[in-house]
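What follows is the residue order along each chain.
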Amino acid sequence: MKRVAITGAILAVASFTFAQAGATQSQNPPAGQQNTAAKPNAPAQETPPKHPPQAKTQPEFDAFKAASANTDPAAVEKAADDFAAKFPDSELRVILYKTAMRGYQNANNADKMLDMARKALALDPDDPEALVDQAEVLTERTRDTDLDKDQRLDEARKAAERALQTIDTDIVFPAGTPPDKVDAYKNLLRSSIYSILGTLEFNKNNFMAAETDFRKSIDAYPQQPDPDRQNKYPEALNYANKAVELTQDGSGAHTLAIRERDRLVQLTGGKPAPPPPTGAANPPQSTTTPH
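The notes below deal with the structure included here. (Residues numbered from 1 in each chain as written. Predicted model: local features only at pLDDT ≥ 70, side-chain atom pairs only at ≥ 80, totals over all residues. Heavy atoms only, no water.)

## Remarks on the packing of helix α4 (residues 93-106) against helix α6 (residues 128-141)
- Axis separation between α4 and α6 bottoms out at 11 Å; the angle between their running directions is 35°. Here the hand of the crossing between α4 and α6 comes out left-handed. Listed contacts from α6 to Lys98, Met101 and Arg102 of α4 are Glu129, Ala130 and Asp133.
- A breakdown of the residues in the contact of α4 with α6 according to their chemical character gives two nonpolar, no polar and four charged. (Axes fitted to C-alpha atoms, helices over the stretch in contact; angles between N-to-C directions. Helix = DSSP H or I, 4+ residues; strand = E, 2+ residues; numbered from the N terminus. Left-handed = near helix turned anticlockwise from the far one by under 90°. Contact = heavy atoms within 4.5 Å. Nonpolar A, V, L, I, M, F, W, Y, C, P; charged D, E, K, R; others polar.)

Pasting the structure below:
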């Protein structure tokens, strides 16, 4: 599984920053409920922008800190479930489930990673990070022999497409985060999303559509290797080699596969394959891998 490089860091900083800021903050009446009785004909207000998750009370924040202190993903999951039971209205529940999600990802436990993504999305269906993880696991772990293959891949596509729509509205960064860091993180998410969509198209033999999505993935976050993904490059190289074998010589998809194979060989410390003989497709310069 491949993931966004700085997700964990953003979550680690954001979770405590947001929660602590809200622990002592007084709560205002919900938007749209102030003076509505005096203005029965007032136009409906637009949905307010997403605000950082906040603790409403000090005990809630203390319990959140204790739950977050766990390092084992199974312990984080249990702590998240206990916290959600004790504070069923807490905005911090989604952070804990995303923390467990990230822990299971690091442990390469895709099934539990998907479970945590779904728990987070049950609380916040527009969370882009959870949507990307959901789409990624479903795309990578669905097999042709799965009885629910079509359902899983449809869920993956919908999650990826929804994430594209919510990146700019539903990611909240700690105050003071440099704009370039914000843009880089969002672009990295977009790159992952387009790579997922490209993989879905590739697996359906829609090679032209796959190439379009892979190129969008490159454009969103070009040639900046993610240190957290390096241990996944050999797996990605296997996909690229398979793509070279399955695509037709001279086709755009074949050219793209050669390009990606050579890039991954370089990233894993090897040397690119020699150019194909005269008359075959010329290997282009760069691309991204199917996720």
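## Here's the deal with the pattern of salt bridges
- For the structure on display, the rule yields 17 salt bridges.
- Linking Lys112 and Asp115 is a salt bridge whose minimum nitrogen-to-oxygen distance equals 3.9 Å. Of this pair, Lys112 and Asp115 both sit in helix α5 (residues 110-123), three residues apart, roughly one helical turn.
- Residue classification places Lys112 among the partly exposed positions, given a relative accessible area of 23%.
- Its relative accessible area of 33% is what places Asp115 among the partly exposed residues.
- Residue Asp168 is joined to Arg190 by a salt bridge in which the shortest nitrogen-to-oxygen separation is 2.9 Å. Linking Asp168 in helix α7 (residues 149-170) with Arg190 in helix α8 (residues 179-203), this pair joins segments that are 22 residues apart in sequence. (Salt bridge = Lys/Arg side-chain N within 4 Å of Asp/Glu carboxyl O. Buried < 20%, exposed > 50% of the residue type's maximum accessible area, 1.4 Å probe, protein only.)

## Points about helix α3 (residues 73-86)
- Under the 1.5 Å per step criterion, the end-to-end length of α3 is 20 Å for 14 residues, consistent within 8% with the ideal 20 Å.
- When we look at burial in α3, the residues that qualify are Pro73, Val76, Glu77, Ala79, Ala80, Phe83 and Ala84. Along α3, the residues classed as buried sweep out an arc of 165° about the axis, all on the same side. α3 presents Lys78, Ala85 and Lys86 as exposed residues on the side facing more than 90 degrees away from its buried surface.
- For α3, the elements touching its buried residues are α2 (58-68), α4 and α5.
- In this structure Asp72 caps α3, since a side-chain oxygen of it lies 3.1 Å from the backbone nitrogen of Ala74. (Expected span 1.5 Å × (residues − 1). Arc of directions from axis to C-beta. Polar contact = N/O pair within 3.5 Å; in protein donor to acceptor, adjacent residues only side chain to side chain.)

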